[in-house]
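A structural walkthrough
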Amino acid sequence: MSTIEAEYQSRMDALSGTERVARSMAMLKWTREMLARQIIAQEGPMSDERLRWKVALRLYASDEAACRLIESRLAHVPD
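None of these values were measured; they are calculated from a predicted model. (Residues numbered from 1 in each chain as written. Predicted model: local features only at pLDDT ≥ 70, side-chain atom pairs only at ≥ 80, totals over all residues. Heavy atoms only, no water.)

Bringing the overall build of the protein chain into the picture now. Within the protein chain one finds 4 helices and 0 strands. Ordered by position from N to C terminus, the α and β elements of the protein chain give α-α-α-α. Compactness check: the protein chain gives a C-alpha radius of gyration of 17 Å against a globular reference of 12 Å for 79 residues, more than 25% above the reference. Taking the principal axes of the C-alpha coordinates as reference, the protein chain spans close to 50 × 25 × 25 Å. (Helix = DSSP H or I, 4+ residues; strand = E, 2+ residues; numbered from the N terminus. Rg over C-alpha atoms; globule rule 2.2 N^0.38 Å.)

Printed below as a string of structure tokens:
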């Protein structure tokens, strides 16, 4: 383990459970925002609701059942 990895692990170990959850939520928010920017860049402007479902589709891309549900919902969302 490198010095940087050891320091990172040490700081993560020092976090409380609440702080770890808050950190995870912040990382998920950042990921959703990054995916939204990519989708808009690729597909152009769309409604907020459609964008939220498109982001969910990318987040759950490896889960076929989830994708089917998301796609069925997307079929009823206006552009």
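More follows now that the structure is in view.
In terms of nonpolar packing, the biggest core is built from 6 residues, these being Leu35, Ala36, Ile39, Met46, Leu51 and Val55. Counting residues per element, this core draws most heavily on helix 2 (residues 17-43), at 3 residues. In contact with Ala36, other than residues within four places in its own chain, are Leu51 and Val55. Among the nonpolar cores identified, the runner-up in size contains 5 residues, and Leu57, Cys67, Ile70 and Leu74 belong to it. (Core = buried A, V, L, I, M, F, W, Y, C linked by side-chain atoms within 4.5 Å. Buried < 20%, exposed > 50% of the residue type's maximum accessible area, 1.4 Å probe, protein only. Contact = heavy atoms within 4.5 Å.)

The next thing to look at is the packing of helix 2 against helix 3 (residues 48-59). Where helix 2 meets helix 3, the axes come as close as 9 Å, and the angle between the chain directions of the two elements is 110°. Here helix 2 is positioned roughly perpendicular relative to helix 3, judged by the angle of their axes. For the pair formed by helix 2 and helix 3, the contact residues are Thr31, Arg32, Leu35, Ala36, Gln38, Ile39, Ile40, Gln42 and Glu43 on the first element and Leu51, Lys54, Val55, Arg58 and Leu59 on the second. Grouping the amino acids of the contact of helix 2 with helix 3 by side-chain chemistry returns 7 nonpolar, 3 polar and 4 charged. (Axes fitted to C-alpha atoms, helices over the stretch in contact; angles between N-to-C directions. Parallel < 35°, antiparallel > 145°, perpendicular 65-115°, else oblique. Nonpolar A, V, L, I, M, F, W, Y, C, P; charged D, E, K, R; others polar.)

Compared with the 16 Å implied by 1.5 Å per residue over 12 residues, the 16 Å span of helix 3 between its first and last C-alpha is a close match. For helix 3, the full list of buried residues reads Arg50, Leu51, Lys54, Val55, Ala56 and Leu57. Looking at the buried residues of helix 3, the elements they touch are helix 2 and helix 4 (64-74). (Expected span 1.5 Å × (residues − 1).)

Next up on the list: the packing of helix 3 against helix 4. In contact at an axis separation of 10 Å, helix 3 and helix 4 are set at 165° when each is read in the N-to-C sense. Overall, the two elements helix 3 and helix 4 adopt an arrangement that is roughly antiparallel. Our pair here, helix 3 against helix 4, has a crossing hand that is left-handed. Residues Glu49, Arg50, Trp53, Lys54, Ala56 and Leu57 of helix 3 form the contact with helix 4, whose participating residues are Cys67, Ile70, Glu71, Arg73 and Leu74. Looking at the contact of helix 3 with helix 4, its residues break down into 6 nonpolar, no polar and 5 charged. (Left-handed = near helix turned anticlockwise from the far one by under 90°.)

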